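Remarks on the overall topology
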Amino acid sequence: MRTRIENAVIVNEGTRFAGTVTIEDDKIMSIVPDTDMMHARPSADKVIDARGLVLMPGVIDDHVHFREPGLTQKADIATESRAAAAGGVTSYMDMPNVVPQTTDLDALDAKFRLAEKKSLVNYSFFFGATHTNTDLLERLDPQQICGVKLFMGSSTGNMLVDNENSLKAIFSRSPLLIMTHCEDSAVITANTKAMCERFGEDPDVTHHPDIRSEEVCFRSTELAVRLARETNARLHVAHVTTARELSLFQPGPLTDEATGRMKNITAEACLAHLIFTDADYARLGTRIKCNPAVKTMADREALRQALTDGRIDVVGTDHAPHLLSDKEGGCIKAASGMPMIQFSLVSMLALADKGVLGIERVADLMCHAPARLFGIQGRGFIREGAQADLVLLRPSAPWTLHKENILSRCGWSPLEGTTFNWTVEQTYCNGYPVYDHGRINEDIRGQRLTFSR
């Protein structure tokens, strides 16, 4: 099967140009700029006139919680991969805090088997580090597993690792990139006690950033960076939220052009912290309660600036659906997390429309950089011979998000009522349109991501 997408504006690897991309089966066969008059456009079984549309690589989300196994009343791999496809996300990397936790090899294999049957887009899974499973780290296959997830702050079950000796063992022994959730559990405990003494057993959600404060984040991130330098481990800090933490990361490109070497210590920003501020708790309440907390306007502006100077290397979602009934309460009782994956790309393009960053940088942060950082084979770029993971978008096509647009099982979004200027028209996963003008192709299944390290 050969598909030709012609007359598109192609956004890829720092450039923007009009051209034609031809897909043969699951791979990109050719890329021909409109200015190239010497090369004929290949014949095709299907031709798509993409005049007025933008073609980008499919988004790679390095940080999701699809809730399967064990928490499927909130979400599962099938429902959330549908939401991903509708949002232009063609690959995701899922976190280990499910039931049972992904902290042994059997549990990891079981998740891969589930995804093979159920995921409409491409997938990989993090292995969860604990105090007691460091002996398993060296048995992880670097070509088959995206990374090790380490919770250095409050977490579910036995996944909190806050003993420095245990942390150093994990940093020393992991053959894979270590992605950390950095919050200092001792400071969280002290802040929680102080807030509850002042405001009762379940303080209003407006106090959430007082409990999970700048100090909570900075202390833990500073420790992670120090351990990575001492052990020469590859560290990727998830969901950085404060201007102070940004001082711990180096600006500049992910990969040094002169040497070809990649940064050893990198940072992720998540969509919620780029959109919301603590002023939004008054309007949205616990719908924007997440860990780490949404913080100040100054923190948000610092994060936005870091998108373009290289201190932030990747943008993910931390897609974490809960039922609305789980979100009732305040700082203590309401669950932390929100569904974001379906509207992540259009939200980032909204920031581009506001001049926060360029559309080429959106593609870098959401497509190219995750592929480079994790060493994902054959994805994240529009290149001849690469897997045909693509998203076709229409600019200047305003629409407003309503509940009926939401495909995540939880059925809500903190972005309801937002008007977006971009529309995802088609999402191609391995050459096939998994999402096509509002329709999901339920027969398509994604592939397991593989890695070169």
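The structure this text deals with has already been given above.
Below is a summary of the structure that appears in this document. (Residues numbered from 1 in each chain as written. Predicted model: local features only at pLDDT ≥ 70, side-chain atom pairs only at ≥ 80, totals over all residues. Heavy atoms only, no water.)

This part is about the sheet that holds strand β7 (residues 89–94). Reading across the sheet, the three strands line up as β6-β7-β8 and stay open at both edges, with parallel pairing between neighbours. Both outer strands of the open sheet, β6 (59–64) and β8 (122–125), are each paired with one neighbouring strand and no more. On average, each strand axis in the sheet is tilted by 20° relative to the strand beside it, whichever way the strands run. The sheet strands contacting helix α2 (residues 105–118) are β7 and β8, and the helix crosses β8 at an angle near 170°. Strands in contact with helix α13 (residues 359–374) are β6 and β7; relative to β6, the strand with the most contacts, it is inclined by about 65°. (Pairing = 2+ DSSP bridges. Helix = DSSP H or I, 4+ residues; strand = E, 2+ residues; numbered from the N terminus. Axes fitted to C-alpha atoms, helices over the stretch in contact; angles between N-to-C directions. Contact = heavy atoms within 4.5 Å.)

Let's shift gears to the sheet that holds strand β14 (residues 314–316). Spatially, β9-β10-β11-β12-β13-β14 is the arrangement adopted by the six strands of the open sheet, whose pairing is parallel. Looking along the sheet, the strands with just one partner apiece sit at the ends: β9 (127–128) and β14. Across three bridges, the pairing between strand β13 (residues 265–270) and β14 is parallel. Bridging from a neighbouring strand, Glu 268 pairs with Val 314 of β14. Sheet contacts for helix α7 (residues 214–231): β11 (178–181), β12 (235–237) and β13; angle to β12, the most-contacted strand, approximately 170°. α13 rests against β12, β13 and β14 of the sheet, and its axis sits at about 110° to β14.

This paragraph deals with the packing of aromatic side chains. By the definition in use, this model includes eight aromatic pairs. Aromatic side chains Phe 66 and Tyr 92 sit 4.4 Å apart centroid to centroid with 45° between the ring planes, which places their arrangement in the tilted category. Taken together, the positions of Phe 66 in the loop between β6 and α1 (77–86) and Tyr 92 in strand β7 put the pair 26 residues apart, joining distant regions of the chain. The class for Phe 66 is buried, based on a relative accessible area of 0%. Note on Trp 399 and Phe 420: the rings are 5.2 Å apart at their centroids and 35° apart in plane angle, and the pair reads as tilted. Within this pair, whereas Trp 399 is found in strand β16 (residues 399–400), its partner Phe 420 is found in strand β17 (residues 419–420), the two being separated by 21 residues in sequence. In this structure Phe 420 comes out as buried when scored by relative accessible area, which is 3%. Taken together through their ring pairs, the aromatic side chains of Phe 112, Tyr 123 and Phe 125 make up a single cluster. Above the face of the Phe 218 ring, Arg 244 is positioned so that its terminal group lies 3.9 Å from the ring centre. (Phe/Tyr/Trp six-rings, centres within 6.5 Å; stacked < 30°, edge-to-face > 60°. Buried < 20%, exposed > 50% of the residue type's maximum accessible area, 1.4 Å probe, protein only. Lys NZ or Arg CZ within 6 Å of the ring centre and 35° of its normal.)

Let us now look at the pattern of salt bridges. Pairs can form between side chains of opposite charge whenever their charged atoms are close. On inspection of all chains with the given rule, the structure shows 33 salt bridges. The residue Glu 24 makes a salt bridge to Arg 2 at a minimum N-O spacing of 3.0 Å. One end of the pair, Glu 24, is in strand β2 (residues 15–24); the other, Arg 2, is in strand β1 (residues 2–12), and 22 residues separate them in sequence. Between Arg 383 and Glu 13 there is a salt bridge, and its shortest N-O distance comes to 2.9 Å. Of this pair, Arg 383 sits in the loop between α13 and β15 (390–394) while Glu 13 sits in the loop between β1 and β2, and the two are 370 residues apart along the sequence. (Salt bridge = Lys/Arg side-chain N within 4 Å of Asp/Glu carboxyl O.)

So, about the packing of helix α12 (residues 344–353) against α13. Two numbers describe how α12 lies on α13: the axes approach to 9 Å, and their chain directions differ by 145°. In this structure, α12 meets α13 at a crossing whose hand is right-handed. When α12 is examined against α13, the residues Ser 344, Leu 345, Met 348, Leu 349 and Ala 352 are found in contact with a partner set consisting of Ile 359, Val 362 and Met 366. Taken together, the residues of the contact of α12 with α13 break down into seven nonpolar, one polar and no charged. (Left-handed = near helix turned anticlockwise from the far one by under 90°. Nonpolar A, V, L, I, M, F, W, Y, C, P; charged D, E, K, R; others polar.)

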